[in-house]
Amino acid sequence: MSFSFRPMIPGLVLAAVILVADQISKIIIVDSVMAVPRVIEVTPFFNLVMAWNYGVSFGMFNTPGTQAWVLIGLSLVVAAALLVWMAREPSRASRLALAAIIGGAIGNVVDRLRWGAVADFLDFHAFGYHWPAFNVADAAIVIGAAILVLDNLFRPSERTPE
């Protein structure tokens, strides 16, 4: 099996775009919009808030401390494994989905290195439900994971008949 770097280029570009968009949005929110933390009601179902996530998804293990280094290391290992998967993945949709996950994961790693926690600020609520605050990186991870699952569920089988 020969390796070609060319099919990875769109994915690497997407990962970089997600990383840059995530970091720019966080810098604007942390340094300007939320310099004085508050709730900004944008629509009846969407607010801007300032939340610091020291843990993982949905605020699990959300206590400040040395766990940031564990989460940084784990995120980098996962991103590296996903990069290897992306290099071997034949499906363009799955490569782009993996890139979205990688870009989001690295965006959150940068936060942990910079601030010791992940900056979350997008706050959606509707019909009595309130989702935990999240950011651009988190959205990219969720969208990438959903596309990855859907692509692998509905991609025509490559198996040969027995």
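Everything quoted here is computed from the prediction, not taken from an experiment.

So, how was this worked out
- Residues numbered from 1 in each chain as written.
- Predicted model: local features only at pLDDT ≥ 70, side-chain atom pairs only at ≥ 80, totals over all residues.
- Heavy atoms only, no water.
- Helix = DSSP H or I, 4+ residues; strand = E, 2+ residues; numbered from the N terminus.
- Expected span 1.5 Å × (residues − 1).
- Polar contact = N/O pair within 3.5 Å; in protein donor to acceptor, adjacent residues only side chain to side chain.
- Buried < 20%, exposed > 50% of the residue type's maximum accessible area, 1.4 Å probe, protein only.
- Pairing = 2+ DSSP bridges.
- Core = buried A, V, L, I, M, F, W, Y, C linked by side-chain atoms within 4.5 Å.
- Contact = heavy atoms within 4.5 Å.
- Axes fitted to C-alpha atoms, helices over the stretch in contact; angles between N-to-C directions.

**Q** Is there a simple way to think about helix H3 (residues 92-115) in this case?
**A** Three or four residues apart is the spacing at which side chains of an α-helix point the same way, because the helix has 3.6 residues per turn. Along its 24 residues, H3 runs 34 Å from first to last C-alpha, staying within 8% of the 34 Å computed at 1.5 Å per residue. Among the residues of H3, the N-terminal cap falls to Ser91, whose side-chain oxygen and the backbone nitrogen of Ala93 are separated by 3.4 Å. Downstream of H3 by a residue or two, Gly116 has a phi angle that is positive, lying close to 80 degrees.

**Q** Help me understand the pairing of strand E2 (residues 46-53) in this model?
**A** The side chains of a regular strand alternate, first on one face of the sheet and then on the other. Buried residues dominate E2, accounting for six of its eight residues. When strand E1 (residues 40-43) meets E2, the two strands line up antiparallel, connected through three bridges. When the bridges of E2 are listed, Ile40 appears paired with Leu48. The antiparallel pairing of E1 with E2 creates a hairpin that spans two residues between the two strands. Alignment of E2 against strand E3 (residues 118-126), held across six bridges, turns out to be antiparallel. Paired with Ala51 across the bridge in E3 is Asp120.

**Q** Got a minute to help me understand the nonpolar core in this structure?
**A** Note that soluble globular proteins tend to have their nonpolar side chains buried in a common cluster. With eleven residues, the main nonpolar core is built from Met8, Ala15, Ala79, Leu82, Met86, Ala97, Leu98, Ala99, Ile101, Ile102 and Leu148. Contributions of two or more residues to this core are made by helix H2 (67-88) and H3. If you tally residues by element for this core, the top one is H3, at five residues. In this structure Leu98 touches Leu82, Trp85, Met86, Glu89 and Leu148, once residues within four positions along its chain are discounted. The next biggest cluster of nonpolar side chains, apart from the first, holds nine residues, and it includes Met34, Phe46, Met50 and Leu122.

**Q** I tried to follow the sheet that holds strand E4 (residues 129-130) on my own but got confused; where do I start?
**A** Paired through their backbone hydrogen bonds, the strands of a sheet run either parallel or antiparallel. Read across the sheet, four strands follow the order E1-E2-E3-E4 without closing on themselves; strand pairing throughout is antiparallel. Strand pairing shows two members of the sheet lacking a second neighbour, E1 and E4, which therefore form its edges. Docked against the sheet, helix H1 (residues 9-33) engages E1, E2 and E3, running at close to 90 degrees with respect to E3. In the packing of H3 onto the sheet, contacts are made with E2 and E3, and the angle to E3 comes to roughly 125 degrees.

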